[in-house]
Amino acid sequence: MGRSELERLSREELIELVLRLQRPEKTSRTSSKPPATDRKEQRAQSKPGGAKPGHEGHSRVLSDDPDTIVQHRPEACACCGASLHAALPAELVSVSERIELPAVVPVVTQHQRLAVRCPSCGERVVAPVPEAARGTPFGPRLHAVATYLKTFQALSYERLQAALSDLCGLTLSQGGLMNLLRRAQDRFRPGRDAAIAILRKAEVVACDETGVRIEGSNAYHWLFHSADAVVHTPSPTRGAVVVREMMDGHRPAVWISDRYTAQQGHAAEHQTCLAHLARDVAYAVEASDDPVPWRVQLWLQSVFALAERVTHLAAATLSAKRRSLDRQLGAILATPSRCDLTRELQAKISRARDQLLVFLAYPGKVEPTNNGSERLLRPAVVQRKVTNGYRAMWAAEGEAAIRTVVDTARLTGSSSFGAILKTVGA
């Protein structure tokens, strides 16, 4: 804005402009920005890490079946010097353990085909090609280890090549590793299809997406999950078409997401993520002296407190509390304000008003936030930051299939590597 434009502004417009310029920058606490973008001085004033007051400490659990037990007995009395022979009874005073990893070396089985001359007819008979000699020379555990390190530890091909060489003594080219990973990824496609079939029958579905680079272009990593399935999928678009193709006509009872337009209209009811709304409210409270954002913040605190005990209350009680909270919110939204931040916040809440308290009608089934989706997306975000995306769509689709199978298996208590080894070795 130039000088001439500023001179044409009224006194009220100049005041409003100055107030806008004085507003604090948005942080991870008042927006969806990641904590890493916060300024150092802001992070220095943040709460310290580590255990919080009142947190119960935990120690490492001792092994139930140690490989070796070594008993240490005193040999002589420290008081009189008498010998303490082995037949004397002893009591256990303490137990400590020393844990070590064995050297990891590849197990190479060499299959040699032999030919034998028949003594009767003189025919040269060659042994058939063994099954182990068909296809790849690498076994399922090696495929699983490479897949785990590449997908869940975000190693590049170069670092994965170095890790296998340094830790296991294996010499593999980067091209060989790429072929190995493509073979492994193919094993996860049936599991991905099964997870999608489960998702398309779910009563409650949550969804989120994050940006990613694929083949040098901006694209998106989508996540869908229900109580029994987690599905990852890459797409070049952030549009609602991705949701429609994934759900294939199925309309759940409830859809959980943020307020993004492409996430709307896919279920009978919609639960808007209250965590996203709480961050917007926190910024309005910090940047404005208007009392309305503060009242909204208190209202949200009441909602979150109710969400913690929602499964312990009767349906009639929840219905009554929902009506009460809705009346309180209506009064807050009807409060006039001269602050533009407050008016924007009121308009934002008004547009999603019927989506804020849906979780009260589904106690224990619907969460008031979409934090579950964000937690499931976080490993993919880390992978994006470390590797800067994918050079080919097949890599993005293959990794999405792996994450789908592993995250779905983890819902039933399986470990990431265990799920990978089971799938690759099937």
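Predicted, not measured: the structure shown is a model, and the values here were computed from it. (Residues numbered from 1 in each chain as written. Predicted model: local features only at pLDDT ≥ 70, side-chain atom pairs only at ≥ 80, totals over all residues. Heavy atoms only, no water.)

1. Details of the sheet that holds strand β3 (residues 204-214)
Move 1: Strand order in the open sheet formed by 5 strands is β5-β4-β3-β6-β7, with mixed pairing between adjacent strands. Taken across any chain shown, the strands that pair with only one partner, and hence form the sheet edges, are β5 (230-235) and β7 (269-272). Neighbouring strand axes in the sheet, compared pairwise and without regard to direction, differ in orientation by 25° on average.
Move 2: As paired strands, strand β6 (residues 254-257) and β7 are joined by 4 bridges and run parallel to one another. Bridge pairing in β7 places S257 opposite T272.
Move 3: On top of the sheet, helix α7 (residues 189-199) reaches β3, β4 (217-225) and β5; it is set at about 110° to β5, its chief contact. (Pairing = 2+ DSSP bridges. Helix = DSSP H or I, 4+ residues; strand = E, 2+ residues; numbered from the N terminus. Axes fitted to C-alpha atoms, helices over the stretch in contact; angles between N-to-C directions. Contact = heavy atoms within 4.5 Å.)

2. Examining helix α10 (residues 291-308)
Move 1: With 18 residues, α10 extends 26 Å from end C-alpha to end C-alpha; this agrees with the ideal 26 Å at 1.5 Å per step.
Move 2: Taken together, the buried positions of α10 are occupied by V292, P293, V296, W299, L300, V303, L306 and A307. Across the axial projection of α10, the buried residues extend over an arc of 130°, all falling on one side. Structural note: α10 exposes P291 and E308 on the side pointing more than 90 degrees away from its buried face.
Move 3: Looking at the buried side of α10, the elements it contacts are α9 (274-287), α11 (315-333) and α12 (340-351).
Move 4: The backbone nitrogen of V292 lies 2.8 Å from a side-chain oxygen of the residue at the head of α10, namely D290. (Expected span 1.5 Å × (residues − 1). Buried < 20%, exposed > 50% of the residue type's maximum accessible area, 1.4 Å probe, protein only. Arc of directions from axis to C-beta. Polar contact = N/O pair within 3.5 Å; in protein donor to acceptor, adjacent residues only side chain to side chain.)

3. Things to note about the confidence of the model for the protein
Move 1: Averaged over the protein, the pLDDT score is 89; the fraction of residues at 70 or greater is 91%.
Move 2: Put simply, helix α3 (residues 40-44) is where the protein has its lowest mean pLDDT, 58, and β5 is where it has its highest, 97. (pLDDT = per-residue confidence, 0-100.)

4. Quick notes on the packing of helix α6 (residues 174-186) against helix α14 (residues 393-410)
Move 1: Two elements in contact, α6 and α14, have axes separated by 9 Å at closest approach and are oriented at 50°. Taken together, the axes of α6 and α14 lie oblique to each other. Considering only the axes of α6 and α14, their crossing is left-handed. In contact with M178, R182 and Q185 of α6, α14 contributes W394, A395, G398, E399 and I402.
Move 2: Split by residue class, the contact of α6 with α14 holds 4 nonpolar, 2 polar and 2 charged. (Parallel < 35°, antiparallel > 145°, perpendicular 65-115°, else oblique. Left-handed = near helix turned anticlockwise from the far one by under 90°. Nonpolar A, V, L, I, M, F, W, Y, C, P; charged D, E, K, R; others polar.)

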